[in-house]
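Geometric and topological summary
This is what each chain is made of:
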Amino acid sequence: MDTTDVLVVGAGPTGLTLACSLLSQGVDVRVVDRADGPATSSRANFLHARGSEVMDRLGALGDLPEDAISAMTITVHAAGVPVSVVRFGDPGLRTAAPALLLPQSRIERALRERLAELGGGVEWSTGLTGLDQDEDGVTASLDGDRTVRARWVVGCDGAHSTTRKLVGADFPGAPVKDTWLLADVHMDWDLEPTGSYGWLHRDGILGALPMREEAGAAHGSGDGLVWRLMAYAPGMDEHGRDDDAVLAELRRLLPLRSGKSDARVLDTVWTSVFRIHRRLVDDYRHGRVLLGGDAAHIHSPMGGQGMLTGIGDAENLGWKLALVLDGRARPALLDTYRGERRPLAEDVLRVTTANSRLQLGEGPVVRFVREHVMLRLVGLPSVQRWATRAASQLGVSYRRGPLGARRRPLPSRVPQPGDRVPDLACLREDGSRTRLHAELGAHWVLLAAEHGPTTADTVRELLGDRVTTLAPTEEGLRDMLLIRPDAHLAWRGRPGDSPRAALEGALRDGRSR
């Protein structure tokens, strides 16, 4: 029987991110997926800055910023007339990773390339068929009467997760609204691909986002550009709708909702018909089996939060699993994965559901709020900064989570345990310059202008050799900061303070002291 430390089920963004994270920390990983090969179509097509940061820390960002379209505006129309432009910019949270407008398939390719560099790969046409747990691990049954023995299994296998079903996890929720059409098409119209566009209409909304076409696409138009069209289509059957039917409906809806009677949909690269569901598992861990990404939560695509949240799940879980597998932490540390990530998923579900209901509401009051009050508000710079901060997830904090306890009150502008630490300019021990986030991913960082005489030794004793000591280039930071591989603050103290109690509590029972 084959053995591995971690069996990752599903080779989408969540599973690939987790596999890269674990391999970079010396964990043996096996990735399986029931699909015959990599996806060539993409339901998701926007990766906010937090997701780019994770890719950067994993060494997987590469040339994605050059491949992406820089389209950081949404022009909103009502009655066919542009009434508001929402601009996504730097929310003041200092990141070196930009938001990316490009297909999910391109992001997955970058992650697979990084996985290969780390010595891993994906076993395609290999579905999970059974799980048998005991105290020491899990025996997983795979297609072809094969079995693999793993110490831990992580289900990243999507909304219809086999892993979730095998462990008997409930997935409560309900449909939010009716049917949606998605299509990647070649267009002939006068819109510039410098931003995305949306049209509010009494019968439903219509959206259009530009993307660069994947190299070698079978239906290339010659300009390397494809438009993602998204339309609310109440009453359409979710099943049995082929490409021709979707294309015909979009050609009918486009002039009606946008007012662009001269716009032409030339052909389609990919189509999909789906319904929005809102579902969330109660527990992310079932013994030695964990769930992440769409296997744990699904919601409206409004705001582009799905892929982003799954990638964040994977990074949060990766360093915790590595510590447990190395024997430096007890399995109780893995319970903090739910404690930190599920509240975020609840927020995402709540906000995306509210946005969907506001965008799709049909009553006169809702339409008035949407087309008059809301559109005036989103034009305010302060509201746009808030929207960017929320959508990017750069403002995510685990301060109230099990590892976010603090020993003394601190000003709100000062990072507290659980907060994201910005991508600061730093100096290595040899005096060379670097960025904080470039040193994370597989490592912890002890950042201080003055390190206590034994602090670094204590941290390495408890966490292992993957601890880097850096000094800030900016003046004013007097405290020592111990920063987790996912860029969140683990501990803060004065020179001479010891992080031992806080770290031992976290490693022992998943609670900071």
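To keep things clear, this report deals only with the structure shown in the data block. Everything numeric here is computed off the predicted structure, so don't read it as measured data.

In this section: the nonpolar core. Counting residues in each nonpolar core, the largest one holds 71 residues, and the members touching the most others are V6, M55, L463 and L482. A total of ten residues in this core trace back to one element, the largest contributor, which is helix α7 (residues 306-325). Those residues in contact with M55 that sit more than four places away from it in its chain are L47, A60, L61, L64, I107, A110 and L111. One finds A208, W227, L247 and L253 within the second-largest nonpolar core, a separate group that totals 25 residues.

The buried count for helix α2 (residues 49-58) comes to ten of ten residues, which makes it a mostly enclosed element. Residues of α2 that are buried: A49, R50, G51, S52, E53, V54, M55, D56, R57 and L58. After α2 finishes, the residue G59 shows a positive phi value of roughly 80°.

Each pair of aromatic rings is reported with the distance of its centres and the angle of its planes. Evaluated as defined, the whole model comprises seven aromatic pairs. Both rings, one in W319 and one in W444, keep their centres 5.2 Å apart while their planes meet at 80°; by these two values the pair is edge-to-face. With W319 in helix α7 and W444 in strand β21 (residues 444-447), this residue pair connects regions lying 125 residues apart in the sequence. For W319, a relative accessible area of 3% puts it in the buried group.

This part covers helix α6 (residues 243-258). With 16 residues, α6 should reach 22 Å at 1.5 Å per residue; the first-to-last C-alpha distance of 22 Å fits that figure. G259, located one to two residues past α6, shows a positive phi value of around 80°.

If you check the backbone angles, D145 has positive phi at about 60° while not being a glycine. Within the secondary structure, D145 is located in the loop between β9 (138-142) and β10 (146-155). Unlike most non-glycine residues, A487 shows phi in positive territory, near 75°. Mapped onto the fold, A487 is located in the loop between β23 (480-483) and β24 (489-493).

Attention shifts here to the sheet that holds strand β19 (residues 425-427). Strand order across the open sheet formed by six strands is β20-β19-β22-β21-β23-β24, with mixed pairing between neighbours. The open sheet has two edge strands with one neighbour each: β20 (433-435) and β24. Adjacent strand axes in the sheet meet at a mean angle of 35° when their direction is disregarded. With two bridges joining them, β19 and strand β22 (residues 467-472) adopt antiparallel strand pairing. Within β22, the residue paired with L427 across the bridge is A471.

Describing two packed helices takes the angle between their axes plus the distance from one axis to the other. Look at helix α1 (residues 13-24) against helix α4 (residues 104-117): their axes get within 9 Å of each other, and the N-to-C directions meet at 20°. As judged from the angle between their axes, α1 and α4 are roughly parallel. Between α1 and α4 the crossing geometry is left-handed. For the pair α1 and α4, the contacting residues are P13, L16, T17, A19, C20 and L23 in the first and Q104, E108, L111, R112, R114 and L115 in the second. Here the contact of α1 with α4 is built from residues that sort into seven nonpolar, two polar and three charged.

Oppositely charged side chains are able to pair whenever their charged atoms sit close together. According to the stated counting rule, one finds 32 salt bridges in the structure shown. Residues R341 and D313 are paired through a salt bridge, measuring 2.7 Å at the closest nitrogen-oxygen approach. Taken together, the residues R341 in helix α8 (residues 335-360) and D313 in helix α7 connect sequence positions 28 residues apart. With relative accessibility at 1%, the residue R341 sits in the buried group. Exposure remark for D313: the relative accessible area of 1% places this residue in the buried category. Its salt-bridge partner being R435, residue D423 comes within 2.5 Å of it at the nearest N-O pair. Placement of the pair is D423 in the loop between α10 (381-392) and β19 and R435 in strand β20, with a sequence separation of twelve residues. Residue class for D423 comes out buried when judged on its relative accessible area of 12%. The class of R435 is partly exposed, set by a relative accessible area of 29%. Salt bridges sharing common partners tie together E53, R57, E315 and R420.

Conventions used here
Residues numbered from 1 in each chain as written. Predicted model: local features only at pLDDT ≥ 70, side-chain atom pairs only at ≥ 80, totals over all residues. Heavy atoms only, no water. Core = buried A, V, L, I, M, F, W, Y, C linked by side-chain atoms within 4.5 Å. Buried < 20%, exposed > 50% of the residue type's maximum accessible area, 1.4 Å probe, protein only. Helix = DSSP H or I, 4+ residues; strand = E, 2+ residues; numbered from the N terminus. Contact = heavy atoms within 4.5 Å. Phe/Tyr/Trp six-rings, centres within 6.5 Å; stacked < 30°, edge-to-face > 60°. Expected span 1.5 Å × (residues − 1). Pairing = 2+ DSSP bridges. Axes fitted to C-alpha atoms, helices over the stretch in contact; angles between N-to-C directions. Parallel < 35°, antiparallel > 145°, perpendicular 65-115°, else oblique. Left-handed = near helix turned anticlockwise from the far one by under 90°. Nonpolar A, V, L, I, M, F, W, Y, C, P; charged D, E, K, R; others polar. Salt bridge = Lys/Arg side-chain N within 4 Å of Asp/Glu carboxyl O.

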